[in-house]
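Each chain, written out:
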Amino acid sequence: MYNLKLQEMFDKQKILQNRNYGVELPAHLPGNLPMQVTGVVAELGEVLAANEAWKDWKKHPRPVDGSHLLDEVADLWHFVINLTLYSGYDALNVDDVNDMFIHGNNLKNDIKHVPIAVHHLIQNVGAVLDTPRLIYIKQVWRSLVDLTISLGYDFDVLYSAFVAKNKINHIRQDNQY
């Protein structure tokens, strides 16, 4: 069931944020939003660098390392979850992610949609930075799900990658990353 897995993802990220910063989330902490927005933008850059197929002017884009791309998408999800949590919202506020995946299936592996999804994600993340209201958070999630689907991933694949990356993030903290 997607909403239980989404809640688990949020719970794992709350634990990591509490471990790193001693903060109990969700909480409306607008001072933390610029760092989360920057993280989203940085991870978007890494996602785009990992899959050059969207560059229609390139005759020979680099082959896509699917494992690396999925890892970068999982990183992006970590920052969007943080953005949601630091805006004062939780998984229950975005529990329609399952429906977003179901209704977005027409975008599956649609690489031409990637630039549109990226643009919408940046635009919506900027709106959250200006005014962290739930309507903007939901638009961020819609854009994130569209991008994820466009890159060819469904929720279950993303969930597994997220959980694996979250474990790595804890190991990194254990080693003073």
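Residues numbered from 1 in each chain as written. Predicted model: local features only at pLDDT ≥ 70, side-chain atom pairs only at ≥ 80, totals over all residues. Heavy atoms only, no water.

Caption draft 1: Structural detail: the packing of helix 2 (residues 33-50) against helix 3 (residues 66-86). It is the contact of helix 2 with helix 3, at a shortest axis distance of 9 Å, that shows an interaxial angle of 165°. Classified by the interaxial angle, the pair formed by helix 2 and helix 3 is roughly antiparallel. Regarding helix 2 and helix 3, the two cross each other, and that crossing is left-handed. Facing Leu33, Gln36, Val37, Gly39, Val40, Glu43, Leu44, Glu46, Val47 and Ala50 of helix 2, the residues of helix 3 in contact are His68, Leu69, Glu72, Val73, Asp75, Leu76, Phe79, Val80, Asn82, Leu83 and Tyr86. (Axes fitted to C-alpha atoms, helices over the stretch in contact; angles between N-to-C directions. Helix = DSSP H or I, 4+ residues; strand = E, 2+ residues; numbered from the N terminus. Parallel < 35°, antiparallel > 145°, perpendicular 65-115°, else oblique. Left-handed = near helix turned anticlockwise from the far one by under 90°. Contact = heavy atoms within 4.5 Å.)

Caption draft 2: Region of the structure containing the nonpolar core. One finds Leu6, Trp77 and Trp141 to be the most contacted residues of the largest nonpolar core, which totals 52 residues. At the level of elements, helix 1 (2-21), helix 2, helix 3, helix 4 (97-103), helix 5 (114-130), helix 6 (134-150) and helix 7 (155-174) are the ones that each hand at least two residues to this core. When residues of this core are assigned to their parent elements, the largest contribution, 11 residues, is made by helix 3. Discounting residues that sit within four places of it in the chain, Leu6 has contacts with Trp77, Ala91, Val94, Val97, Trp141 and Phe155. (Core = buried A, V, L, I, M, F, W, Y, C linked by side-chain atoms within 4.5 Å. Buried < 20%, exposed > 50% of the residue type's maximum accessible area, 1.4 Å probe, protein only.)

Caption draft 3: Quick look at helix 5. If you check helix 5, its first and last C-alpha atoms are 24 Å apart, about what 17 residues at 1.5 Å a residue would give, namely 24 Å. Within helix 5, burial applies to Val114, Ala117, Val118, Leu121, Asn124, Val125, Ala127 and Val128. Taken together, the buried residues of helix 5 touch helix 2, helix 3 and helix 6. (Expected span 1.5 Å × (residues − 1).)

Caption draft 4: Inspection of the environment of Asp156 at higher detail. Relative to the helices and strands, Asp156 is located in helix 7. Considered as a pair, Asp156 and Lys55 are 101 residues apart in the sequence and their alpha carbons are 27 Å apart. Within the structure, the side chain of Asp156 is placed 2.9 Å from the side chain of Lys5, a separation counted as a polar contact. (Polar contact = N/O pair within 3.5 Å; in protein donor to acceptor, adjacent residues only side chain to side chain.)

Caption draft 5: Inspection of helix 6 at higher detail. Helix length check: helix 6 (17 residues) gives 24 Å between terminal C-alpha atoms against 24 Å at 1.5 Å per residue, within 8%. All of the buried residues in helix 6 are Ile137, Val140, Trp141, Ser143, Leu144, Val145, Asp146, Leu147, Thr148, Ile149 and Ser150. Just downstream of helix 6 lies Gly152, where phi reads positive at about 100°.

Caption draft 6: Quick look at the environment of Leu33. In this fold, Leu33 is placed in helix 2. C-alpha separation for the pair Leu33 and Leu129, spaced 96 residues apart in sequence, amounts to 6.1 Å. Once residues within four sequence positions are removed from consideration, Leu33 is found in contact with Leu83, Tyr86, Ser87, Val128, Leu129 and Pro132.

Caption draft 7: Seen up close, the pattern of salt bridges. All chains considered together, the criterion is met by 12 salt bridges. Here Glu8 ties to Lys12 by a salt bridge, and the two come within 3.8 Å at their closest N and O atoms. Note that Glu8 and Lys12 are positioned in helix 1 at a spacing of four residues, about one turn of the helix. Among the residues examined, Lys12 registers a relative accessible area of 24% and is labelled partly exposed. The partner of Lys14 in a salt bridge is Asp11, and the shortest N-O contact between them spans 3.5 Å. Here Asp11 and Lys14 lie together in helix 1, a separation of three residues that amounts to about one turn. Several salt bridges share partner residues, and in doing so they unite Glu52, Lys55, Lys58 and Arg62 into one network. (Salt bridge = Lys/Arg side-chain N within 4 Å of Asp/Glu carboxyl O.)

These figures capture arrangement, not role.
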